Amino acid sequence: MKQKHHDYQLVPYPKIRRWLALTYHSVQHTPMMHGLIEADVTRARAFLREQKAKTGETLSFTAFLIACLAKAVDEHKAVQAFRKGRKHLILFEEVDVYTLIDRDVAGQDLPMPYIVRAANRKTVREIHQEIRAAQGQDVEKVLKGGVLSLPDLLFRPFYSVFSWIGRRYPQVWKKYVGTVGITAVGMFGKGAGWGIPPALPTLMITVGGIGEKPVLVNGQIVMRDYLSLTISFDHDIIDGAPAARFTKRLKDLIESGYGLFDSTVESDLAGAEGTIMESERPSASFAS
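Throughout this description, residue numbers start from 1 for each chain and increase along the sequence as written. With the structure being a predicted model, the display of local features is reserved for residues of pLDDT at least 70 and the display and counting of side-chain atom pairs for 80 or more, all residues being used for whole-chain, interface and lining totals. Working from all heavy atoms in the structure, the side-chain values ignore hydrogens and water.

S.K.: Explanation requested: helix H4 (residues 124-135) in the structure shown.
M.R.: Owing to its 3.6 residues per turn, the α-helix aligns residues three or four sequence positions apart on the same side. When the terminal C-alpha atoms of H4 are compared, their 17 Å separation across twelve residues agrees well with the 16 Å that a helix rising 1.5 Å per residue should span. A simple rule labels every residue: compare its accessible area, found with a 1.4 Å probe on the protein chains alone, to the largest value its type can have, and call it buried under 20%, exposed over 50%, or partly exposed in between. Here a helix means four or more residues in a row that DSSP labels H or I, a strand means two or more in a row labelled E, and each is numbered from the N terminus. All of the buried residues in H4 are Val124, Ile127, His128, Glu130, Ile131 and Ala134. The buried residues of H4 occupy an angular sector of 165 degrees when projected down its axis, which confines them to one face. Any helix carries an expected span of 1.5 Å times its number of residues minus one. Throughout, the arc means that of the directions going from the helix axis to the C-beta atoms.

Okay, structure coming up:
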């Protein structure tokens, strides 16, 4: 319940936020490696606009990115490896994508965790429909039971035990946090921009803003839409070379409009390989 004072308001700190804060603090010493890239999403956005004009349906851009992520991980499974004890890694066949879906809880927009299971075996439309169904779920049913039903004083001991079990049995991590994650910050503003996520025990993609950039195509300057992405790896698991190969594949999938059905929208870059000015070619930089 909100309490008003003459110079401030006292508002509840939601339980889901308290739980997320605990999980972030528990992995803050994970050695992360971050890659900041830009991907040309002109073709994908053109298809989504065309799809809406034809059918009235707004296909989820997040679903498209999840499909691209799952495909890239499926081809480079080492990026979603989990440690099992000190001497072994587990590489799961399925790509379970952890994401956050904004829901209204007691008048506040709060991020609710959701996992798209086996996303590498689903189409963009199937993922889109699953996300829309999750957004329509009864929030009370989602919150009822599970860890959020625990008293606050049991959060930390529970998570300590959960982490201990997860390090020995990665299947537990997979069940509750997926094998990779994606979160969006760019939807809250316009223009390009990157975000750096908290350390997590898995591969994390942070979706930033979209900005226009001039590119030389077939001798003409055209404006293209570029999406800012931060790709974060656990450096205990992945080194620079495999991280770069995965990043290149993910970028190629996004720029080709992977999974967007039989799009009739032709890429302006088709047949124009090598004509983009080097000064305008998006690059990736990795920092650990």
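Having seen it, we continue.
S.K.: Could you clarify how one ought to interpret the pairing of strand E10 (residues 220-234) in this entry?
M.R.: Side-chain direction in a regular strand flips from residue to residue, so the side chains alternate between the two faces of the sheet. Burial analysis of E10 places eleven of its 15 residues in the buried class, the great majority of the element. Any two strands between which DSSP finds at least two bridges are classified as paired. For strand E3 (residues 32-40) and E10, the ladder comprises nine bridges, and the chain directions are antiparallel. Within E10, the position partnered with methionine 33 by the bridge is phenylalanine 233. Counting the residues between successive antiparallel strands, the hairpin from strand E9 (residues 203-217) to E10 contains two residues, one of them, asparagine 218, with a positive phi of roughly 50 degrees.

S.K.: Can you help me understand the packing of aromatic side chains in this one?
M.R.: Aromatic rings considered in pairs are described by the distance between their centres and by the relative angle of their planes. The aromatic pairing rule takes the rings of Phe, Tyr and Trp, using the six-membered ring of Trp, and pairs them if the centres are within 6.5 Å, calling planes under 30 degrees apart stacked, those over 60 edge-to-face and the rest tilted. Applying the stated rule across the entire model yields three aromatic pairs. Ring geometry for phenylalanine 82 versus phenylalanine 92: centroids 6.1 Å apart, planes at 70 degrees, classification edge-to-face. Of this pair, phenylalanine 82 sits in strand E4 (residues 82-84) while phenylalanine 92 sits in the loop between strand E5 (88-90) and strand E6 (97-105), placing them ten residues apart in sequence. Each member of the pair, phenylalanine 82 as well as phenylalanine 92, carries the same accessibility label: buried. Aromatic side chains phenylalanine 233 and phenylalanine 246 sit 5.9 Å apart centroid to centroid with 85 degrees between the ring planes, which places their arrangement in the edge-to-face category. With a gap of 13 residues between them, phenylalanine 233 in strand E10 and phenylalanine 246 in helix H8 (residues 240-256) connect regions that are remote in the sequence. The buried category is assigned to phenylalanine 233, whose relative accessible area is 1%. By relative accessible area, phenylalanine 246 is classed as buried at 0%. Cation over ring: lysine 174 sits above phenylalanine 92, and NZ or CZ is 5.7 Å from the ring centre. Throughout this description, the term charge over a ring refers to an Arg CZ or Lys NZ atom that lies within 6 Å of the ring centre and within 35 degrees of the ring normal.

S.K.: What's the story with the nonpolar core in this structure? I'm lost.
M.R.: Looking at soluble globular proteins, one finds that nonpolar side chains tend to be buried together. Judged by nonpolar contacts, the single largest core of 47 residues is most densely connected at Leu69, Val97, Leu203, Phe233, Phe246, Leu250 and Ile254. With ten residues, helix H3 (residues 61-75) is the largest single contributor of residues to this core. Non-local contacts of isoleucine 254, meaning those with residues more than four positions away in its chain, are made with Ala39, Asp40, Val41, Ala44, Phe64, Leu65, Cys68 and Leu229. Remark: nonpolar core denotes a set of buried residues (Ala, Val, Leu, Ile, Met, Phe, Trp, Tyr, Cys) joined through side-chain atoms within 4.5 Å. The contact criterion used is simple: two residues touch if any of their non-hydrogen atoms lie within 4.5 Å.

S.K.: For this particular structure, what's the right way to read the packing of H3 against H4?
M.R.: The geometry of a pair of packed helices is captured by two quantities: the angle between their axes and the separation between those axes. Helix axes use the C-alpha atoms of the stretch in contact, all axes being lines fitted to C-alpha atoms, and the angles between their N-to-C directions lie in the range 0 to 180 degrees. Taken N-terminus to C-terminus, the directions of H3 and H4 make an angle of 130 degrees; their axes are 8 Å apart at the nearest point. The angle between the axes of H3 and H4 places the two elements in the oblique class. Crossing of H3 over H4 shows right-handed handedness. For the pair H3 and H4, the contacting residues are Thr62, Ala63, Phe64, Ile66 and Ala67 in the first and Val124, Ile127, His128 and Ile131 in the second. Residue composition of the contact of H3 with H4, grouped by class: seven nonpolar, two polar and no charged. Here is the rule for angles: anything less than 35 degrees is roughly parallel, anything more than 145 is roughly antiparallel, 65 through 115 is roughly perpendicular, and the remaining ranges are oblique. Working rule for handedness: look at the near helix, and if it is turned counterclockwise from the far one by less than a right angle, call the crossing left-handed; if clockwise, right-handed. Just so you know the grouping, Ala, Val, Leu, Ile, Met, Phe, Trp, Tyr, Cys and Pro go in nonpolar, Asp, Glu, Lys and Arg go in charged, and all remaining residues, Gly too, go in polar.

S.K.: Would you mind going over the pattern of salt bridges with me for this structure?
M.R.: One side chain can pair with another of opposite charge once the charged atoms of both are near each other. Salt-bridge detection follows one rule: a side-chain nitrogen of Lys or Arg within 4 Å of a carboxyl oxygen of Asp or Glu. One pass over the structure, following the stated rule, counts 16 salt bridges. As a salt-bridge pair, arginine 249 and glutamate 75 come within 2.7 Å of each other at their nearest N and O atoms. Note that arginine 249 is positioned in helix H8 and glutamate 75 in helix H3, a separation of 174 residues in sequence. Assessed through its relative accessible area of 27%, arginine 249 is described here as partly exposed. Classification of glutamate 75 by relative accessible area gives partly exposed; the value is 35%. A salt bridge links glutamate 94 to arginine 121; the shortest N-O distance between them is 3.3 Å. Residue glutamate 94 is located in the loop between E5 and E6, and its partner arginine 121 is located in the loop between strand E7 (108-116) and H4; the two are separated by 27 residues in the primary sequence. The class for arginine 121 is exposed, based on a relative accessible area of 56%. Among the charged side chains, a salt-bridge network with shared partners connects Glu94, Asp96, Arg117, Arg121 and Lys174.

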